[in-house]
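Each chain, letter by letter, is given below.
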Amino acid sequence: MAQKYEQLKLKNQLCFPLYACSRKIVGSYTPYLKPMGLTYTQYIVLMVLWEHESVNVGQLGEALHLDAGTLTPLLKRLEKAGYVSRERSKDDERVTVISITPEGDALKEKCKDIPLKMASNGSGLTEKDAKELYRLLYLFLEG
């Protein structure tokens, strides 16, 4: 009877290794982020703001593939920590603009080596394989 449901076996699901790898990779950031009091999701929000200085919540959600319901409590915590400011757009008060503060910008210096540390974290991928995986994941995300 089990043979009849091959499509339901965990080993046959594309989603499972993606899910498990995602958890493993995000968890690998913890030793670097925890001393700064940051979660991985807060870190990627800051990465967008280090690049753009300010964005509206919709733009941030689009960049991170997160909805406003997920972002709002996260942004409130970052604001309470003094890393971002939130204010209504002068052009459209329905839009909330998120900006990096000087304190949030100062974290950039503390975080600058994290990507290099993660790259040498022993994923077992060659540089070529890592670039191909990156390409395929973005192909899937944008598809």
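Here's a quick rundown of the structure. Owing to the predicted nature of the structure, the values given are computational and were not obtained by experimental measurement.

## Observations concerning the packing of aromatic side chains
- Under the definition given, this model contains six aromatic pairs.
- Ring geometry for phenylalanine 16 against tyrosine 19: centres 6.4 Å apart, planes inclined by 45°, an arrangement best described as tilted. Note that phenylalanine 16 and tyrosine 19 are positioned in helix α1 (residues 15–33) at a spacing of three residues, about one turn of the helix.
- Of the aromatic side chains, those joined through ring pairs into one cluster are Tyr29, Tyr40, Tyr43 and Trp50.

## A look at helix α5 (residues 102–111)
- Along α5, the residues classified as buried are Gly104, Leu107 and Cys111. Summarising the axial view, the buried residues of α5 lie within an arc of 40°, below the 170-degree limit, and thus occupy one face. Those residues of α5 that are exposed and angled more than 90 degrees off the buried face are Pro102 and Glu109.
- Of the surrounding secondary structure, the elements contacted by the buried residues of α5 are α2 (40–52), β3 (96–100) and α6 (114–119).

Here is what the cut-offs are and how they apply
- Residues numbered from 1 in each chain as written.
- Predicted model: local features only at pLDDT ≥ 70, side-chain atom pairs only at ≥ 80, totals over all residues.
- Heavy atoms only, no water.
- Phe/Tyr/Trp six-rings, centres within 6.5 Å; stacked < 30°, edge-to-face > 60°.
- Helix = DSSP H or I, 4+ residues; strand = E, 2+ residues; numbered from the N terminus.
- Buried < 20%, exposed > 50% of the residue type's maximum accessible area, 1.4 Å probe, protein only.
- Arc of directions from axis to C-beta.
- Contact = heavy atoms within 4.5 Å.

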